[in-house]
Amino acid sequence: MANLANAGPEVYDDRAARLFLWATLLWGIVGMSVGALAALQLAFWPANGGISWLTFGRIRPIHTDAMVFAFAGNAVFAGMYYSLQRLCKKRLFSDFLTSLHFWGWQAIIAATAVTLALGMTQGKEYAEMEWPIDLAIAVIWVVMCINVFGTIAKRRVEHLYVAIWFYIASIITIAVLHIVNNLAIPVGAFKSYSIYSGVQDALVQWWYGHNAVGFLLTTPFLGIMYYFLPKAVDKPVYSYRLSILHFWALIFVYIWAGPHHLLYTSLPEWAQSLGMVFSLVLIAPSWGGMINGLLTMRGAWHKVREEPVLKFYVLALTFYGMATLEGPLLSIKSLNLLSHYTDWTIAHVHGGALGWLGGMVFGMAYWLAPKLWNTELYSKKLANMHFWIATIGLLLYVSSMWTAGITQGLMWMATTEEGLLKYPNFLETVLALIPLYWVRMIGGTMYLAGSVLCVYNIYKTAKAGQPVDIEVDTSNDRHVAPRTFHERLEGKAFPLTALALVAVLIGGIVEFVPAFLLETKVPTVTATTPYTPLELQGRDIYIREGCYNCHSQMVRTHHKEELRYGPHSKDYEFLYDFNFQWGSKRTGPDLHRVGKKYPDLWHYRHMLDPRLTSPGSIMPSYPWLFDSKVDTSLLAAKLNGLTKLGVPYKDSVLQDPVAAYNEQADVIVATLAAEGITATNDLEIIAMIAYLQKLGTERAPDEASH
Amino acid sequence: MIVIFMLIGISFILGAGALVSFIWAAKSGQFDDLERPAEEILFDDFFGRS
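Since the model is a prediction, treat every value here as computed from it, not as a measurement.

1. Overview of the overall build of chain B
Now for step 1: Looking only at helices and strands, chain B features two helices and zero strands.
Now for step 2: Counting the 50 residues in chain B, one finds 34% classified as buried.

Right under this line is the structure:
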């Protein structure tokens, strides 16, 4: 096909769309299956089979990263590469770059899955990949950008259709987010420490997390909507003017709303309020898009009955509208207090992921497949069946998680007349949800089953048809004379890019400033000491096992939180938390004040099998921590890396970290021995206990009386 | 602290660049016709289908 492009007339490169569409669907099945397994484990913990790489903390990031980078990511590339060529009336810039992009991206996903299963992770949500993979992502992203901007620069249509703007804003912003959030010091082949710690890291991470949802899962799909929806109904978008307005409003507002992920935390009050206000403002541009989409279908509603493509788009827009209303509501502080850390968040993201994203992706897939293989869709009936299974599954999923979230949120906050917690035992609030976890698992599995039908349908379609080369309409070639640099700049891609970038950067900087200012304030009150070599190794095991997927480490500034967990967390307590571990979901209780709460023996037994201390617990057992010896080969490199980041380790520790390590480990071993447990000082469990016992024990003296 | 200065510096340069490019964009008439482009996308594919 490539040489055809040179020899004969120019044709579109639809191989790109075919490949990325396959990747979308196949990785989608993988990602959803892992999700279903994770869901099963919350209802029935032994479903991890006692295998370390199948435990919840390891597979949950595989599920989320697969859905974000593999399912949504590949779908964006498929839709963007297909539509961009047509909107520009130009074949993709370079066949080589397209192939490199495709295979590079798939290799990245495969490497991510393997390394995360092995516990090589940064422990930052949706950015778990370790530094070599992050570098690869950056390189492949640049490859894609060159391909996209090259195509835009050589386009034959003067006007940049609104979809292209959405694509540009998305790919530029994601590049900035990815780089800023993943800046880290490597201390081993697959181990690094973020250059940010504690509050700063949390801020950067949620600036990233929030905007990654915006610019990887929302804006590119709006671009896709503005192309594929008018095509599917064969009518122009309801209001083109509104689409342009909606674009600028969205990208200018979105970036400011990030702090709503950190309400009631150690983040400065005003930054929290700013995040909340901007989140509410966000409703307007979001609904602008939804209304524009729905009105585009005016006069085509009768087609929705037979046409699965349109059904999925209606589903997508409905859930887009719902999720973009729910999101801002959840960022209202009083509601957030109830919903945060509960399954309500899970309901919210799955409304977005299964409704909005899934709806757009499957709608696009059913519309594209017949075009890409020049035939009819194999079975509309099957596609309609897919729609109904998916919708019912989705409703089961979302409604069970809403119920679970509200139930648990209320139970956490419930107090008796005397002002005591009504449900002081956290586990009780978990066990109340188990039936709902089963419902969720069934709903998710139905959604997965629908997706399998889709893959089958598309496979049959592809087999029945033939890929066909479609000629580019070159009649209105605007490139008459060779263009100067100046003229090329005037090609508008550049100004739009720059504008989008600036909007993003400025929003981000204003959020960063407060946290970086904290740096200067903290040391005067701090009692915080660096993690000892033993605690550090324990912490790295905590990150490896992904405990943050079930446990937060952030007692919020609210008296009912304090009633349950103890004094609220202070910013300086996280000073040396390189790669913060605040978490976002409390499937288990908050752990920030767990240090010294229990004796070492309790942790020893609990980690061996949580049901020994907490009957009915759904936390996995971690028997391998009792066999494996701590890998200290990186210890010196770790301490050096942290020293570079400003952690004040004593020279004696730096010179002989192993001695310091053994000294502290021996104390724990002796404590356990006194209780009749024989353990050696090099076991992982010893390091884990040391870390857990250190958590939250270092409040400044002037505040200890609080 | 260096990080703030770095970020502010970058954003100033970009801000200036954006201002200039925005004037270019407005001047070159990207927003002049907001009807036709929406319709034109519907006619991109029937050409040369084999």
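2. Details of the nonpolar core
Residues and elements named next belong to chain A.
Now for step 1: Formed by 165 residues in total, the largest nonpolar core has its most connected members in Phe221 and Tyr313.
Now for step 2: For this core, the element with the highest residue contribution is helix H3 (residues 56-88), accounting for 19 residues.
Now for step 3: Those residues in contact with Phe221, other than ones at most four positions away along the chain, are Ala72, Ala75, Val76, Leu216, Trp356, Leu357, Met360 and Val361.
Now for step 4: Met688, Ile689, Leu692 and Leu695 belong to the second largest nonpolar core, which has 45 residues in total.

3. Points about the confidence of the model for chain A
Now for step 1: Chain-level statistics for chain A give a pLDDT mean of 90 and a share of 90% at 70 or above.
Now for step 2: pLDDT under 50 marks residues 1-5 of chain A. Its contacts with residues more than four places away, or in other chains, come to nine contacts.

4. Regarding the pattern of salt bridges
Residues and elements named next belong to chain A.
Now for step 1: All chains considered together, the criterion is met by 23 salt bridges over all chains.
Now for step 2: We note a salt bridge from Arg60 to Glu125, for which the minimum N-O separation is 3.1 Å. Placement of the pair is Arg60 in helix H3 and Glu125 in the loop between helix H4 (95-117) and helix H5 (131-153), with a sequence separation of 65 residues. Per residue, the accessibility class of Arg60 equals that of Glu125, and both read buried.
Now for step 3: Linking Glu535 and Lys694 is a salt bridge whose minimum nitrogen-to-oxygen distance equals 3.9 Å.

5. Re the layout of surface pockets
All names here are of chain A.
Now for step 1: Considered as a void within the structure, the largest pocket measures approximately 840 Å³ in volume.
Now for step 2: Forming the boundary of the largest pocket are 40 residues, of which His551, Gly588, Pro589, Leu591 and His606 lie nearest the centre.
Now for step 3: At the level of elements, helix H2 (15-43), H3, helix H17 (426-431), helix H22 (559-565), helix H23 (600-608) and helix H28 (684-694) are the ones that each hand at least two residues to the lining of the largest pocket.
Now for step 4: Per-element accounting of the lining of the largest pocket gives the leading share, four residues, to H23.
Now for step 5: Here the residues of the lining of the largest pocket are counted per class, giving 23 nonpolar, 13 polar and four charged.

6. So, the side chain of Glu326 of chain A
Residue and element names in this part refer to chain A.
Now for step 1: Assignment of secondary structure puts Glu326 in helix H13 (residues 308-330).
Now for step 2: In this structure the side chain of Glu326 is engaged in a polar contact, spanning 2.9 Å, whose partner is the side chain of Trp344.
Now for step 3: Side-chain polar atoms of Glu326 contact the side chain of Trp402, separated by 2.7 Å.

7. Considering the environment of Gly409 of chain A
All names here are of chain A.
Now for step 1: Among the secondary structure elements, Gly409 is positioned in helix H16 (residues 380-413).
Now for step 2: When the C-alpha atoms of Gly409 and Ile146 are compared, they prove to be 47 Å apart, with 263 residues separating the residues in sequence.
Now for step 3: Excluding residues within four positions of it along the chain, Gly409 makes contact with Leu338 and Thr342.

8. Quick notes on unusual backbone geometry
All names here are of chain A.
Now for step 1: With a phi angle near 50 degrees, Asn374 is a residue other than glycine that sits in the positive phi range.
Now for step 2: With respect to the helices and strands, Asn374 occurs in the loop between helix H15 (343-372) and H16.
Now for step 3: Located in the positive-phi region is Asn579, a residue other than glycine, with phi close to 70 degrees.
Now for step 4: Examined against the element boundaries, Asn579 turns out to sit in the loop between H22 and H23.
Now for step 5: Given the relative accessible area of 2%, Asn579 is considered buried.

9. Quick word on the environment of Trp141 of chain A
Residues and elements named next belong to chain A.
Now for step 1: Along the chain, Trp141 turns up in helix H5.
Now for step 2: With 85 residues separating them in the primary sequence, Trp141 and Phe56 have C-alpha atoms 30 Å apart.
Now for step 3: Setting aside chain neighbours within four positions, we find Trp141 in contact with Phe77, Trp105, Ile171, Ile174, Ala175 and Leu216.

Cut-off values and rules
Residues numbered from 1 in each chain as written. Chains lettered and ligands numbered in written order. Predicted model: local features only at pLDDT ≥ 70, side-chain atom pairs only at ≥ 80, totals over all residues. Heavy atoms only, no water. Helix = DSSP H or I, 4+ residues; strand = E, 2+ residues; numbered from the N terminus. Buried < 20%, exposed > 50% of the residue type's maximum accessible area, 1.4 Å probe, protein only. Core = buried A, V, L, I, M, F, W, Y, C linked by side-chain atoms within 4.5 Å. Contact = heavy atoms within 4.5 Å. pLDDT = per-residue confidence, 0-100. Salt bridge = Lys/Arg side-chain N within 4 Å of Asp/Glu carboxyl O. 1 Å grid on protein atoms, 1.4 Å probe; cavity = no way out; pocket = protein on both sides within 12 Å on 5 of 7 lines; lining within 4 Å. Points joined across faces, edges and corners; volume = space filled by probe spheres on them. Nonpolar A, V, L, I, M, F, W, Y, C, P; charged D, E, K, R; others polar. Polar contact = N/O pair within 3.5 Å; in protein donor to acceptor, adjacent residues only side chain to side chain.

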